[in-house]
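Examination of the molecular architecture
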Amino acid sequence: MKIWQVDFYRSPVEEKSGQVLWELLICDSSRSFEYVATCPQSTANSDWLATQIQLAAGDKLPDVIQVFRPQCLSLIQAAASKLNLNMVVEPTRNTQALKQWLAEKQYPLALDKPPPTPLPENLWGEQWRFATLPAGELVEVFADLPIPVFSVPECLQPINLGLPSTALVPGVVIYGGRQSMILARWLESVHPVALNYISGANHGLVLEAGLVDRWIVATFTDADVVTAARVYQQRQQQSTGLHFLLVQPDDSGMTYSGFWLLRG
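I will try to describe carefully the structure that is included in this document.

Analysis parameters
Residues numbered from 1 in each chain as written. Predicted model: local features only at pLDDT ≥ 70, side-chain atom pairs only at ≥ 80, totals over all residues. Heavy atoms only, no water. Helix = DSSP H or I, 4+ residues; strand = E, 2+ residues; numbered from the N terminus. Buried < 20%, exposed > 50% of the residue type's maximum accessible area, 1.4 Å probe, protein only. Polar contact = N/O pair within 3.5 Å; in protein donor to acceptor, adjacent residues only side chain to side chain. Pairing = 2+ DSSP bridges. Axes fitted to C-alpha atoms, helices over the stretch in contact; angles between N-to-C directions. Contact = heavy atoms within 4.5 Å. Disulfide = S-S within 2.5 Å.

The subject of this paragraph is unusual backbone geometry. Not every positive phi belongs to a glycine, and Arg 31 is a case in point at roughly 60°. Note on placement: Arg 31 falls in the loop between β2 (21–27) and β3 (34–40). The backbone phi angle of Thr 240 is positive, close to 55°, even though this residue is not glycine. Relative to the helices and strands, Thr 240 resides in the loop between α7 (223–238) and β13 (242–248).

This brings us to the side chain of Arg 93. Mapped onto the elements, Arg 93 comes out in the loop between β5 (88–91) and α3 (96–104). Here Arg 93 falls in the buried class, since its relative accessible area comes to 11%. In this structure the side chain of Arg 93 is engaged in a polar contact, spanning 2.9 Å, whose partner is the backbone oxygen of Gly 210.

What holds strands together in a sheet is hydrogen bonding between their backbones, with the strands either parallel or antiparallel. Pairing is mixed in the open sheet, where five strands are placed in the order β7-β9-β13-β14-β8. Each end of this open sheet is capped by a strand with a single partner; those strands are β7 (127–134) and β8 (149–151). Mean inter-strand twist for the sheet, computed between neighbouring axes without regard to direction, equals 20°. For β7 and strand β9 (residues 168–175), the ladder comprises eight bridges, and the chain directions are antiparallel. Residue pairing for β9: Gln 127 is matched across the bridge by Tyr 175. Where helix α6 (residues 180–190) meets the sheet, it contacts β8, β9, β13 and β14 (258–263), and its direction lies at approximately 145° from that of β13.

Any covalent bond linking the sulfur atoms of two cysteines counts as a disulfide. With the rule as written, the count across this model stands at zero disulfides. Just so you know, Cys 27 is unpaired, no disulfide at all, and the nearest cysteine sulfur is the one on Cys 72, 13 Å from it. Residue classification places Cys 27 among the buried positions, given a relative accessible area of 0%. Considering cysteine sulfurs only, Cys 27 is the nearest to Cys 155, which forms no disulfide, with 13 Å between them.

What follows is the structure in structure tokens.
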């Protein structure tokens, strides 16, 4: 499968005339393939994009185009539809090769994010807790279980991140009770990216999802929970950002609703 990571945005570099340029960057996950093209802002449209994608692709168009920037998503979707109705444009923050390239070019990567929104009441779980698993067991423990929603991208598997099998990977377990499958399906629909501890007057866990969406999953003031949250945050840093989210009806360990590998 041919998968590209694509960005199309205003270039921070202007022409001597002061004309604003838009820059198209295309690469694959290994950056063995890279393509760059620029155009004046006046011609930055889906037709120009479609032409450039075709030029970059040659004989074989990509099967999937991954896009992390909301501002260019609709343009790229329109360009892709002009070329091939079966081409998938996937909104995702997991475009590490492209983001590394942008960082090397010293281009800004920060996206405007809205304040986090409280999780809808009908999705609240009954309880939750922090958990930890060795990297060597993280995927194997759940891989053979009948979990309806199971998201373990290959790029996030510990072995592909170079984590030793003994490294401790932190996570959060939510016991959803009767709402467990509803919560798991909702999480599947918003495309979880990371579940981060946020300190402050009200400590909490914030779910990063989609391209820029943010949701408040839990708030707490208990000193023991705050201490556990700080350990969770430290372990995230030690595991190169890798962590997990597990949703299950209860703590019996008999049934599971959803499992996600995440990376902040």
